[in-house]
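This is what each chain is made of:
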Amino acid sequence: MTNQPRVLSGIQPTGESMQLGNYLGAVRNWVAMQDGYDAYYCVVDLHAITLEPPEPEALRQRTRIVTAQLLAAGLDPDRCALFVQSHLPEHPQLSWVLECLTGFGEASRMTQFKDKSAKSGADRQGVGLFTYPILQAADILLYQADQVPIGEDQRQHLELTRNLAQRFNAKYGDTFVVPEAFIGKAAAKILDLQDPSAKMSKSRAENGTIFLSDDPGVITKKVKRAVTDTESEIRFDPEAKPGLSNLLAIHAAFTDTSVEAVEKEFAGQGYGALKNAVAEAVVAFAQPFAARTRELLDDPAELDRILARGAERARAVAGRTVADAYAKVGFLPPVQG
């Protein structure tokens, strides 16, 4: 047991590598939160099949890749619980109960479902896309998380989680901690290098996204081709100069300094000098990160052992939560032995 506040967060095993926005917007905070928090971090592979399920072997490999990258980024299995969502049946078990407490209209108003289903029509989407915010709520509530590290675009999902926790508690008695949002100072929204009106994402054009597995030459090329503006003044102004401001934010993050300090450092030097420095800073992080990731992937059995340890630690909490929730709902407990 620990008196530290508990945090829970997850990452999907999509694609062949974590991208820059994943790391700066979320994972770097996860690493810092291992000290001072009882931290649970989950590779949410159940969520990875809500749209177009990948080939089975690809999903297994991507799960190991993201595990290796999380470890390379600084997660320590002795200081946090790192585990795979599908290893714990408690996730879908609790999700079903929460689904039965969620209104159809309430679920249909979730913006990510509306956005993703608008492209091809809601009637062509799997039910999993509709219900996955409820599974996400189960992911959080299972671990009695006090705080959830999120970006601004995830507030709606956390609000659903809070509502469901309060609804269950009101109907069946105090069962779930009602979690609060944790938005760290470093949880920057990293923008697409080619379209700075949008967040950097694996699903967008490859040239606008920096993957942490990219070769140094590829990273440098992407940064140098980043869209800026027709001016020459180095100034942080996200509305008027989103592309340039994005580069300033990336440089500040990787050099552990402030945006204001970067502005002063490059004042009068022009955009070319800033792009060169940004590329160097990203490469300085990405090269050893990629090398460590490859080293970890060379021993998949050890990765699996780390995940098994994390699942055992997670199950100790999740199992108690499901047993308590099921008993309060009125499910007959199984006979032991």
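Structural data are supplied above this passage.
Because the structure is predicted, anything quoted here is derived from the model rather than measured.

Caption draft 1: Inspection of the overall build of the protein at higher detail. Scanning the protein for helices and strands turns up twelve helices and five strands. Its C-alpha atoms give the protein a radius of gyration of 21 Å, within 12% of the compact-globule value 20 Å for 337 residues. Seen along its three principal axes, the alpha-carbon backbone of the protein occupies a region of about 70 × 45 × 40 Å. Across the protein, the fraction of contacts at a sequence separation of at least 24, relative to all contacts at a separation of at least 6, is 75%. Charge-centre separation for the protein: the mean point of 36 positive side chains lies 2 Å from the mean point of 43 negative side chains.

Caption draft 2: Geometry of the pattern of salt bridges. Inspection of every chain in the model, using the stated rule, returns 20 salt bridges. A salt bridge links E231 to R235, with the shortest nitrogen-to-oxygen separation between them at 3.8 Å. The exposure class of E231 is partly exposed, given its relative accessible area of 43%. What makes R235 partly exposed here is its relative accessible area of 24%.

Caption draft 3: Examining empty space enclosed by the protein more closely. One pass over the structure, following the stated rule, counts one cavity of 30 Å³ or more. Within this model, the largest cavity holds a volume of roughly 40 Å³. Split by residue class, the lining of the largest cavity holds four nonpolar, five polar and three charged.

Caption draft 4: Looking closely at the pairing of strand 3 (residues 80-84). Along strand 3, five of the five residues are buried, which leaves the element largely enclosed by surrounding structure. With burial as the criterion, each face of strand 3 is covered, one bearing C80, L82 and V84 and the other bearing A81 and F83. With five bridges joining them, strand 2 (residues 38-43) and strand 3 adopt parallel strand pairing. Considered in strand 3, the bridge of V43 is made with V84. Chirality of the crossover, the property in question, places the unit of strand 2, helix 2 (residues 56-73) and strand 3 among those that are right-handed.

Caption draft 5: Looking closely at the side chain of N169. By the secondary structure assignment, N169 is in helix 7 (residues 155-172). A polar contact is formed between the side chain of N169 and the backbone nitrogen of T175, at a distance of 3.0 Å. Reaching out from N169, the side chain makes a polar contact with the backbone oxygen of F176 at a distance of 2.9 Å. Excluding anything up to four places from it in sequence, N169 contacts D174, T175, F176 and V178.

Caption draft 6: The arrangement of the packing of helix 8 (residues 216-224) against helix 11 (residues 271-297) in detail. Interaxial distance between helix 8 and helix 11 falls to 9 Å at its minimum, and their mutual angle equals 150°. The angle between helix 8 and helix 11 places the two elements in the roughly antiparallel class. Where helix 8 crosses over helix 11, the handedness of that crossing is right-handed. Contacts from P216, I219, T220, V223 and K224 in helix 8 reach K275, N276, V278, A279, V282, V283, A286 and Q287 in helix 11.

Caption draft 7: Structural detail: the packing of helix 2 against helix 12 (residues 300-329). Contact geometry of helix 2 with helix 12 gives a least axis separation of 11 Å together with a crossing angle of 80°. As judged from the angle between their axes, helix 2 and helix 12 are roughly perpendicular. Contacts between helix 2 and helix 12 involve R64, T67, A68 and L71 from the former and P300, L303, D304, I306 and L307 from the latter.

Thresholds applied
- Residues numbered from 1 in each chain as written.
- Predicted model: local features only at pLDDT ≥ 70, side-chain atom pairs only at ≥ 80, totals over all residues.
- Heavy atoms only, no water.
- Helix = DSSP H or I, 4+ residues; strand = E, 2+ residues; numbered from the N terminus.
- Rg over C-alpha atoms; globule rule 2.2 N^0.38 Å.
- Contact = heavy atoms within 4.5 Å.
- Lys, Arg positive; Asp, Glu negative; His and termini not counted.
- Charge placed at Lys NZ, Arg CZ, Asp CG, Glu CD.
- Salt bridge = Lys/Arg side-chain N within 4 Å of Asp/Glu carboxyl O.
- Buried < 20%, exposed > 50% of the residue type's maximum accessible area, 1.4 Å probe, protein only.
- 1 Å grid on protein atoms, 1.4 Å probe; cavity = no way out; pocket = protein on both sides within 12 Å on 5 of 7 lines; lining within 4 Å.
- Points joined across faces, edges and corners; volume = space filled by probe spheres on them.
- Nonpolar A, V, L, I, M, F, W, Y, C, P; charged D, E, K, R; others polar.
- Pairing = 2+ DSSP bridges.
- Right-handed = clockwise from strand over helix to strand, strands pointing away.
- Polar contact = N/O pair within 3.5 Å; in protein donor to acceptor, adjacent residues only side chain to side chain.
- Axes fitted to C-alpha atoms, helices over the stretch in contact; angles between N-to-C directions.
- Parallel < 35°, antiparallel > 145°, perpendicular 65-115°, else oblique.
- Left-handed = near helix turned anticlockwise from the far one by under 90°.

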